[in-house]
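Summary of the model geometry
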Amino acid sequence: MLLWTKKLAIRLLATVMICNFMVCTFTGCGDQKESGEEKSPTGEVQKVQPTKEGEEDTPTPTSTPTPTEPEKEVRTDFYISSIDEKIPSMYEYWKEYFSIGIAITKGELLNDFKGELIVQQFNSMTCGNEMKPDALLDREATKSKGTETCPVLKFDSCDEMLSFCVDHNIKMRGHTLVWHSQTPDWFFMEGYSNKQDAVFASREVMLARMENYIRLVMEYVNTTYPGVVYAWDVVNEAIAPGDGGENGMRMSDSLWYQTIGPDFVEKAFEYARKYAAPEQKLFYNDFNTYEAAKRIAILELVNKIKDQGNIDGIGMQSHIGMSSPTLLDYEETIRKFGETGLEIHITELDINLDSNSEEDFMKEGTRYKRLFFTFKNLVDTGVANITNITVWGLTDEGSWLNKDGKRYPLLFNQVLETKPAFWGILMDEGIPLY
Ligand code: 9MR
């Protein structure tokens, strides 16, 4: 009963919001709703799932041409309610290639409708914030029960998210262990002090804290939810050429660099390898990886750690714009990363579109489609071992980019209707490739 009341409420909300927020620009969508049409002409689409080149093509029965089959209709209405209509599953569509991931916050995940949509569309999850050091480190407990080298952690922020993954057979990317951001300053200070005059803990103490932190996170997650986390972002965003660190490393705002020194990344991977489950993959993750100087510094760093046997993959965050980077530059980085032989995850994909016109939504759909076309091509040609694509958020409204309320970077709008971006990822014929 409650569920139906909620469904009704969200439908009403959807109608009102669509009218106010979108229909004025999306004339096609508005016309159809006004005419009272229940379903889009191509409502329940059965997508033919791509198979890797060289593998046998196994089309579904609906794709087998018969003499009487009508010509395939090209989609014209992209704005379909994911609550009311059955829409194709992205992870099913791409399952021969890579897993499809979602970064989500606990509040969004536990929302009935979003949870259902996530289960339908994604087979990989990343906690948006709930597994970061500032969520897990418990200062009070560390002060009372910890030691100078071993903090105390709490996991209430991410427990329900991990349980959700267990219940729905979704795997998780563990994000993130060692990061200059979202790690409280007191963690780097003698006595875990948060006073103004606090002094840095020594390199030895910080190495021990780092090792214990990584051990505690992995031990908890791997014993409480065995088999759920399949990859860890061991170190996040350590490269920032021009920031003054050795070999292009970030220094000015990295207390890891300032307390331990430039080898903190290698040490983090060494500890991560020591405590990770054998099947878990260890990743270095960064943004703007398509900038030449950054790419070169990342390659130098990961190749060193690869020689030590402690890294399995590179995460390309991919917070990109509508025209920058060019797909050529972006692809060039994947090719270079591919040469290392490491796995590649696209860990935080979104496209920072600042317009909600129908025309721009189509262009965004095209950019998503071209990206996935590129990923497919690079996998088919054996150039890069891309094994996961994760989008950084479910709805435009919930995106980290949407501080001004005018960003439209993702696949679903705020009432969970699909956008052309969603159909672009499904390689829908109605979304132009160029
Ligand atoms: O999505 C996260 C946002 O809610 C936080 O406010 C922000 C704070 O740093 O972090 C966002 O996630 C970041 C991710 O963990 C690392 N790469 C950049 C992401 C966007 O800022």
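Okay, so let's go over this structure. (Residues numbered from 1 in each chain as written. Predicted model: local features only at pLDDT ≥ 70, side-chain atom pairs only at ≥ 80, totals over all residues. Heavy atoms only, no water.)

**Comments concerning the site of the ligand**
Taken together, 13 residues lie around the ligand, and Lys132, His175, Gln182, Glu348 and Trp392 are the ones closest in. The contact in question runs from a nitrogen atom of the ligand to an N or O atom on the side chain of Glu237, over 3.0 Å. At 3.1 Å, a side-chain N or O of Gln317 approaches a nitrogen atom of the ligand. In isolation the ligand offers 450 Å² of accessible surface; the protein chains occlude 73% of this area. (Near = heavy atom within 4 Å. Polar contact = N/O pair within 3.5 Å; in protein donor to acceptor, adjacent residues only side chain to side chain. Areas by Shrake-Rupley, 256 points an atom, 1.4 Å probe, with all protein chains shown as cover.)

**Quick look at the environment of Glu300**
In this structure, Glu300 sits in helix H12 (residues 292–307). The exposure class assigned to Glu300 is partly exposed, which follows from its relative accessible area of 48%. Separated by 53 residues in the primary sequence, Glu300 and Asn247 place their C-alpha atoms 8.3 Å from one another. (Helix = DSSP H or I, 4+ residues; strand = E, 2+ residues; numbered from the N terminus. Buried < 20%, exposed > 50% of the residue type's maximum accessible area, 1.4 Å probe, protein only.)

**Describing the nonpolar core**
In terms of nonpolar packing, the biggest core is built from 115 residues, with Phe264, Phe372 and Ile386 touching the most fellow members. Per-element tally for this core: the top contributor is helix H9 (residues 203–224), with nine residues. In this view, Phe264 contacts Val178, Met210, Val235, Ala238, Met249, Ser254, Trp256 and Tyr257; residues no more than four positions away in its chain are not counted. (Core = buried A, V, L, I, M, F, W, Y, C linked by side-chain atoms within 4.5 Å. Contact = heavy atoms within 4.5 Å.)

**What about the side chain of Ser99?**
Within the secondary structure, Ser99 sits in strand E1 (residues 99–104). On the basis of relative accessibility, which here comes to 15%, the residue Ser99 falls in the buried class. The contacts of Ser99, once residues within four sequence positions are left out, are Asn123, Ser124, Tyr230, Thr387, Asn388 and Ile389.

**So, helix H13 (residues 327–339)**
With 13 residues, H13 should cover 18 Å at 1.5 Å per step; its first-to-last C-alpha distance of 18 Å lies within 8% of that length. Along H13, the positions that sit buried rather than exposed are Leu327, Tyr330, Glu331, Thr333, Ile334, Phe337 and Gly338. Down the axis of H13, the smallest arc covering the buried residues is 155 degrees, so these residues share one side. Opposite the buried face of H13, at more than 90 degrees from it, the exposed residues are Leu328 and Glu339. Those residues of H13 hidden inside the fold are in contact with H12, strand E6 (313–316), strand E8 (343–351), helix H14 (358–380) and strand E9 (385–391). (Expected span 1.5 Å × (residues − 1). Arc of directions from axis to C-beta.)

**Overview of unusual backbone geometry**
Following His175, the chain continues into Thr176 via a peptide bond in cis, with omega recorded as 0 degrees. Residues Ser324 and Pro325 are joined by a peptide bond in cis, for which omega reads 0 degrees. Among the secondary structure elements, Pro325 is positioned in the loop between strand E7 (319–320) and H13. Positive phi values are uncommon outside glycine, yet Met427 reaches one of about 60 degrees. Within the fold, Met427 resides in the segment after helix H15 (420–425). Assessed through its relative accessible area of 17%, Met427 is described here as buried.

**Examining the side chain of Thr183**
Assignment of secondary structure puts Thr183 in the loop between strand E3 (171–179) and H9. Among the polar contacts made by the side chain of Thr183, one reaches the main-chain carbonyl oxygen of Trp179 at a distance of 2.8 Å.

**Some thoughts on the pairing of E3**
In terms of burial, E3 is largely enclosed, as eight of its nine residues are buried. With three bridges connecting them, strand E2 (residues 124–127) and E3 associate as parallel partners. Bridging from a neighbouring strand, Ser124 pairs with Lys171 of E3. Two elements, E3 and strand E4 (residues 229–236), share six bridges in a ladder whose sense is parallel. Each bridged residue has a counterpart across the sheet, and for Met172 the counterpart in E4 is Val229. Crossover connection from E3 via H9 to parallel E4: handedness right-handed. (Pairing = 2+ DSSP bridges. Right-handed = clockwise from strand over helix to strand, strands pointing away.)

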